[in-house]
Amino acid sequence: MRQKVTVVGAGNVGATAAQRLAEKELCDVVLVDIIEGVPQGKALDLTEAAPIEKHDAHLTGTNSYEASSGSDIIIITAGIARKPGMSRDDLISTNAGIVKSVTREVVALSPDAILIIVSNPLDAMCHVALEASGFPKNRVVGMAGVLDSARFRAFIAMELNVSVENTHAFVLGGHGDTMVPLPRYSTVAGIPITELLSEDRIAALVERTANGGAEIVSLLKTGSAYYAPASAAVEMAEAILKDKKKILPCAAYLQGEYGIDDLFIGVPVKLGADGIEQIIEINLTAQEEAALKKSAASVAELKKLLQTLG
Ligand code: APR
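Presented here is an overview of the structure given in this document. Nothing here was measured: the structure is a model prediction, and the numbers come from that model. (Residues numbered from 1 in each chain as written. Predicted model: local features only at pLDDT ≥ 70, side-chain atom pairs only at ≥ 80, totals over all residues. Heavy atoms only, no water.)

**Quick look at the environment of Ala 210**
Positionally, Ala 210 belongs in helix H6 (residues 199-210). The buried category is assigned to Ala 210, whose relative accessible area is 14%. In contact with Ala 210, other than residues within four places in its own chain, are Gly 176, Asp 177 and Met 179. (Helix = DSSP H or I, 4+ residues; strand = E, 2+ residues; numbered from the N terminus. Buried < 20%, exposed > 50% of the residue type's maximum accessible area, 1.4 Å probe, protein only. Contact = heavy atoms within 4.5 Å.)

**Some details on the side chain of Thr 103**
Mapped onto the elements, Thr 103 comes out in helix H3 (residues 92-109). Given the relative accessible area of 0%, Thr 103 is considered buried. In this structure, Thr 103 is in contact with Ile 76, Leu 115, Ala 129, Ala 132 and Ser 133, ignoring residues within four places of it in sequence.

**As for the pairing of strand S3 (residues 59-62)**
Along a regular strand, successive side chains alternate from one face of the sheet to the other. Where strand S2 (residues 28-32) lies against S3, four bridges are found, and the strand directions are parallel. The residue bridging Val 30 from the neighbouring strand is Thr 60, located in S3. (Pairing = 2+ DSSP bridges.)

**Concerning the pairing of strand S13 (residues 261-272)**
Most of S13 is tucked away: nine of the 12 residues are buried. Inspection of the sheet shows strand S12 (residues 246-255) paired to S13 by 10 bridges, in the antiparallel sense. Looking at S13, one finds that Tyr 253 is bridged to Phe 264. Two successive antiparallel strands, S12 and S13, enclose a turn made up of five residues, where Gly 256 displays a positive phi of approximately 105°. Direction of pairing for S13 relative to strand S14 (residues 275-279): antiparallel, over a ladder of four bridges. Each residue of the ladder has a partner; that of Gly 272, found in S14, is Gly 275.

In short, the description is geometric, and any link to function would need to be established separately.
Structure (structure tokens):
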């Protein structure tokens with residue numbers, strides 16, 4: 001049977017995710033947006049590319065939700081993106097309302113779906129989606145760590161002039177300035193980068209990773225990154241659709257793991273057909289643990305702000 005993924009938000013991230021899902025022939029794709037004509041136009045354009053790209057995925061663009069019914073996965077990218085000078089947190093009041101209403105719409109027609117949240121500020125939007133959906137915690141997962149780790153991997157590969165395929169990286173914590181890249185667990189062909197690079201160079205790569213989103217915003221000026229965010233969301237969707245049991249850093253709802261309770265934050269998880277099938281607790285040094293706690297505190301602040309927004 002064909003699997004179905006609905007992407008809500010047919011903007012930069014959503015349309016690029018739809019393209020990658022279709023071109024990898026992972027599923028049929030329903031693209032939903034409030035702007036009339038845009039999801040329809042992009043879905044048709046992608047459909048017309050299919051003979052050349054050689055896939056038979058069906059793409060549907062729509063301004064309503066009927067076609068999303070029975071989706072296996074819903075990727076939520078709806079909302080506003082940041083512009084130069086804005087932090088992800090500045091988006092909170094607008095995007096909280098959008099994510100709440102979109103979540104209610106999609107879960108009514110796809111009660112068994114897994115939600116992949118992309119809208120920012122990511123960790124806070126995961127809370128909105130968890131609450132609005134009433135879903136169990138394993139079926140709400142946030143896209144952040146895969147993107148942040150991919151950025152770190154790209155910078156490691158550039159620095160050492162090696163294939164990106166040889167690199168592995170782990171970035172934990174919230175999707176913001178307090179994220180916690182873990183050099184000890186970041187490797188090239190299995191060798192920790194702490195053996196390959198000086199402390200200064202690692203610190204520079206870590207800083208560039210933490211500012212990776214802002215670096216793109218300052219170059220684009222009219223919006224934020226979308227190629228890598230879309231790739232990251234699609235890697236997560238693929239792991240779920242194919243029940244790969246892939247270990248990926250994702251925003252997950254913690255209830256005591258890592259000493260953190262009642263909070264979404266980036267940690268390594270096992271992604272498979274049931275969504276988050278396991279939260280993996282790795283050993284952290286005192287310094288890494290302190291950085292994770294600091295990051296959790298800033299997510300907790302945003303969560304508190306959500307409550308005041310109602
Ligand atoms: N329902 C459906 N779509 C909506 C809604 C809604 N209620 N509100 C906004 N949208 C749509 C917009 O019409 C727009 O097409 O969401 C889309 C967002 O697209 P872009 O503005 O291109 O933003 P994008 O770069 O895709 O980022 C989307 O992902 O990475 C995060 O921070 C980013 O929060 C932002 C989100």
